[in-house]
Amino acid sequence: GVALLIHDFADEGGADRLTGEFSITMNGTCSVVGDVVLADRYRQAHLKNNPDYPQFIVGQHIAILAVSVVSARICNINDEVIKWTSSRNIDPSVK
C-alpha cells in the first residue's frame, strides 16, 4: 500500500486555484507502469505540466508510477474531515 499527502499551498503569486485550505491524504496501491507506450504518454504529460523539472521526469533509472487511490481523507483549515472511498478498484493501466 501507499499513502500520499497533498496540500494546496497558497501560491505567493496569488494563484486563484490554490487557497492553502486543504490537506488530503490518499491511500491506495502503487505500481511501476510497465507498458512503455503508456509510461511515455504519462511522462510527456508530466513534463508538459512541469517543464522546469525534467531531471525528475526524464532520464535513466526514472520510473513512472501509477497510484490507484482507494480512499482519502480531506481536511480543511477548520479541522473538518471528509472521508472518501472509491466504489470500485481502478486499474491504472486502463486507458
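Per chain, residues are indexed from 1 in the order of the written sequence. Totals for whole chains, interfaces and linings use every residue, but because this is a predicted model, local features are given only for residues with pLDDT of at least 70 and side-chain atom pairs only at 80 or more, for both listing and counting. Values reported for side chains reflect all heavy atoms of the structure, with hydrogen atoms and water molecules removed beforehand.

**Side note on the overall build of the chain**
Part 1 of the reasoning: Counting its regular elements, the chain contains 1 helix and 4 strands.
Part 2 of the reasoning: Secondary structure elements are taken from DSSP: a helix is a run of H or I of four residues or more, a strand is a run of E of two residues or more, and numbering for both begins at the N terminus. Starting at the N terminus and walking to the C terminus, you meet the elements of the chain as β-β-α-β-β.
Part 3 of the reasoning: The 95 residues of the chain split such that 14% are buried.
Part 4 of the reasoning: Residue pairs at least 24 apart in sequence account for 50% of intrachain contacts in the chain once pairs closer than 6 positions are excluded.
Part 5 of the reasoning: All accessible areas in this document rest on Shrake-Rupley with a 1.4 Å probe, and a residue is counted as covered only by the protein chains that are shown. Total accessible area computed for the chain in this model is approximately 7,400 Å², and 55% of it derives from carbon and sulfur atoms. Exposure is judged per residue with a 1.4 Å probe applied to protein chains only, and the accessible area is read against the type maximum: over 50% gives exposed, under 20% gives buried, and values in between give partly exposed. Two residues form a contact once any of their heavy atoms are found within 4.5 Å.

**Let's talk about the side chain of asparagine 76**
Part 1 of the reasoning: By the element assignment, asparagine 76 lies in strand β3 (residues 65-76).
Part 2 of the reasoning: Those residues in contact with asparagine 76, other than ones at most four positions away along the chain, are Glu21 and Phe22.

**Things to note about the sheet that holds β3**
Part 1 of the reasoning: Pairing is antiparallel in the open sheet, where 4 strands are placed in the order β1-β2-β3-β4. Where the open sheet ends on each side, the last strands, each with one partner, are β1 (2-7) and β4 (81-85). Strand-to-strand twist in this sheet, taken as the mean axis angle between neighbours without regard to direction, amounts to 25°.
Part 2 of the reasoning: When strand β2 (residues 22-32) meets β3, the two strands line up antiparallel, connected through 11 bridges. Its bridge partner being in β3, threonine 25 is matched across the sheet by arginine 73. Here a strand pair is declared whenever DSSP counts at least two bridges between the two strands. Axis definition: a line fitted to C-alpha atoms, limited for helices to the stretch in contact. Angles are taken between N-to-C directions and run from 0 to 180 degrees.

**Description of the packing of aromatic side chains**
Part 1 of the reasoning: Only rings of Phe, Tyr and Trp enter the pairing, Trp through its six-membered ring, and a pair is recorded when the two centres are within 6.5 Å. The plane angle decides the type: under 30 degrees is stacked, over 60 is edge-to-face, the rest tilted. A complete count under the given rule lists 1 aromatic pair for this structure.
Part 2 of the reasoning: Measuring from centroid to centroid gives 6.4 Å for tyrosine 53 and phenylalanine 56, while their planes differ by 35°, and the two rings are tilted.
Part 3 of the reasoning: For phenylalanine 56, a relative accessible area of 59% translates into the label exposed.

**Section: the pairing of β3**
Part 1 of the reasoning: Sheet topology places β3 next to β4; 5 bridges connect them, and they run antiparallel. Each residue of the ladder has a partner; that of arginine 73, found in β4, is lysine 83.

**Some remarks on the confidence of the model for the chain**
Part 1 of the reasoning: Per-residue confidence for the chain gives a mean pLDDT of 86; residues scoring 70 or more make up 82%.
Part 2 of the reasoning: Confidence scores labelled pLDDT are given residue by residue by the predictor and lie between 0 and 100. The secondary-structure element of the chain with the lowest mean pLDDT is β1, recorded at 92, while helix α1 (residues 36-49) shows the highest, at 96.

**Side note on unusual backbone geometry**
Part 1 of the reasoning: Backbone geometry at histidine 61 places phi at a positive 65°, although glycine is not the residue there.
Part 2 of the reasoning: By secondary structure assignment, the location of histidine 61 is in the loop between α1 and β3.

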